[in-house]
Each structure stands twice: as C-alpha cells, then as structure tokens.
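Chain by chain, the residues:
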Amino acid sequence: MSFTDWSRETTLAPVPLSSRAARHFVADWCITEGVIGDVVDTLLLLTAEVVTNAVLHGRSDVHLRVGRRRLARPHRRR
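All figures in this text were calculated on a predicted structure; none of them were measured in a lab. (Residues numbered from 1 in each chain as written. Predicted model: local features only at pLDDT ≥ 70, side-chain atom pairs only at ≥ 80, totals over all residues. Heavy atoms only, no water.)

A.B. asks: I would appreciate a short explanation of helix α2 (residues 38-58) in the present structure.
C.D. replies: Residue pairs three or four apart in sequence face the same way in an α-helix, which turns once every 3.6 residues. Between its first and last C-alpha, α2 extends 29 Å over 21 residues, near the 30 Å set by a 1.5 Å rise per residue. For α2, the full list of buried residues reads Val40, Thr47, Ala48, Val51 and Val55. One face of α2 carries all of its buried residues, which in axial projection span an arc of 100°. Facing away from the buried surface of α2 by more than 90 degrees, the exposed residues are Asp38, Asp41, Leu45, Val50, Leu56 and His57. In this structure, the buried side of α2 is in contact with β1 (8-12), α1 (18-33) and β2 (62-66). Once α2 finishes, Arg59 follows within two positions and takes phi at roughly 55°, a positive value. (Helix = DSSP H or I, 4+ residues; strand = E, 2+ residues; numbered from the N terminus. Expected span 1.5 Å × (residues − 1). Buried < 20%, exposed > 50% of the residue type's maximum accessible area, 1.4 Å probe, protein only. Arc of directions from axis to C-beta. Contact = heavy atoms within 4.5 Å.)

A.B. asks: Whenever I open this one, the packing of α1 against α2 confuses me. Can you help?
C.D. replies: Angle between the axes and distance between the axes are the two parameters that describe a pair of packed helices. Running from N to C, α1 and α2 point in directions that differ by 150°, and their axes come no closer than 9 Å. Comparing the axis directions of α1 and α2 gives the class roughly antiparallel. In this structure, α1 crosses over α2, and the sense of that crossing is right-handed. Seen from α1, the contacting residues are Ser18, Ser19, Ala22, Arg23, Val26, Ala27 and Cys30; seen from α2, they are Val40, Leu43, Leu44, Thr47, Ala48, Val51, Thr52 and Val55. Tallied by class, residues from the contact of α1 with α2 come to 10 nonpolar, 4 polar and 1 charged. (Axes fitted to C-alpha atoms, helices over the stretch in contact; angles between N-to-C directions. Parallel < 35°, antiparallel > 145°, perpendicular 65-115°, else oblique. Left-handed = near helix turned anticlockwise from the far one by under 90°. Nonpolar A, V, L, I, M, F, W, Y, C, P; charged D, E, K, R; others polar.)

Geometric values such as these leave the question of function open.
Quick look at the structure:
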C-alpha cells in the first residue's frame with residue numbers, strides 16, 4: 001500500500017486564514033484515521049507553524065498533504 005492510498009491533500013490560498021483551514025483539515029483527518037491523544041495536538045501545532053510560514057514567506061498556494069506510513073518491521077536474526 002502506498003502513501004497516496006491513505007493520505008489526503010488540499011491546496012490553500014496564501015492568506016492568513018489558511019492556517020486555520022489547515023488545522024481543521026488535519027483535525028478532520030485525525031478523526032477519520034483514529035489518531036488520538038497528544039499526537040493530535042502536536043500535529044495541529046506543527047501544521048499551524050508550517051502553513052503560517054508558507055503563507056508569510058512563500059506568497060503562493062500552499063499544498064498540504066497528511067498521511068501516515070507504517071514502520072518497517074525489523075529483520076529477525078537467525
């Protein structure tokens with residue numbers, strides 16, 4: 001299964017309200033995927049920071065994608 005099979009993405013305008021829209025987008029994804037606890041707060045904080053910086057310094061559309069990858073299983077030594 002590839003990352004794109006279970007990720008979501010959106011494009012936001014380069015305006016201050018995009019940070020709020022991005023947080024809502026990520027929060028909705030967390031609910032859908034069953035992500036709970038402190039990790040949600042961290043994701044929302046990081047989303048706000050990254051999108052705010054993109055709006056302030058990039059001055060172009062912001063492309064946001066959220067998803068999760070499964071960790072590879074460690075190889076067992078025989």
